[in-house]
Amino acid sequence: MKNDFELVEGHKFNFRADPMPHWNGVTDCEVLAIEPYKRLSYTGNASGA
């Protein structure tokens, strides 16, 4: 999936896919926590339009 992810806490990025009915193809995310080789935590929110 196309994205602008960076491995930096607090970085806001998005995943981009082809739009579908009721979804614009964009998922907005933010990196919450990084523990190298153990954990990557991020949020994700997809809107309908």
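Residues numbered from 1 in each chain as written. Predicted model: local features only at pLDDT ≥ 70, side-chain atom pairs only at ≥ 80, totals over all residues. Heavy atoms only, no water.

## Considering the overall build of the chain
Then step 1. For the chain, the helix and strand inventory stands at 0 helices and 4 strands.
Then step 2. Seen in sequence order, the chain has helices and strands lined up from the N terminus as β-β-β-β.
Then step 3. Surface summary for the chain: the accessible area is close to 3900 Å², and the carbon and sulfur share equals 54%.
Then step 4. When the 5 positive and 7 negative side-chain charges of the chain are each reduced to one mean point, those points stand 3 Å apart. (Helix = DSSP H or I, 4+ residues; strand = E, 2+ residues; numbered from the N terminus. Areas by Shrake-Rupley, 256 points an atom, 1.4 Å probe, with all protein chains shown as cover. Lys, Arg positive; Asp, Glu negative; His and termini not counted. Charge placed at Lys NZ, Arg CZ, Asp CG, Glu CD.)

## Looking at the packing of aromatic side chains
Then step 1. One pass over the structure, following the stated rule, counts 4 aromatic pairs.
Then step 2. Judged by centre distance (5.4 Å) and plane angle (90 degrees), the rings of F13 and F15 are edge-to-face.
Then step 3. Owing to a relative accessible area of 4%, F13 belongs among the buried residues under this scheme.
Then step 4. Classification of F15 by relative accessible area gives partly exposed; the value is 21%.
Then step 5. Every member of this aromatic cluster is reached through a ring pair, and the members are F5, F13, F15 and Y42. (Phe/Tyr/Trp six-rings, centres within 6.5 Å; stacked < 30°, edge-to-face > 60°. Buried < 20%, exposed > 50% of the residue type's maximum accessible area, 1.4 Å probe, protein only.)

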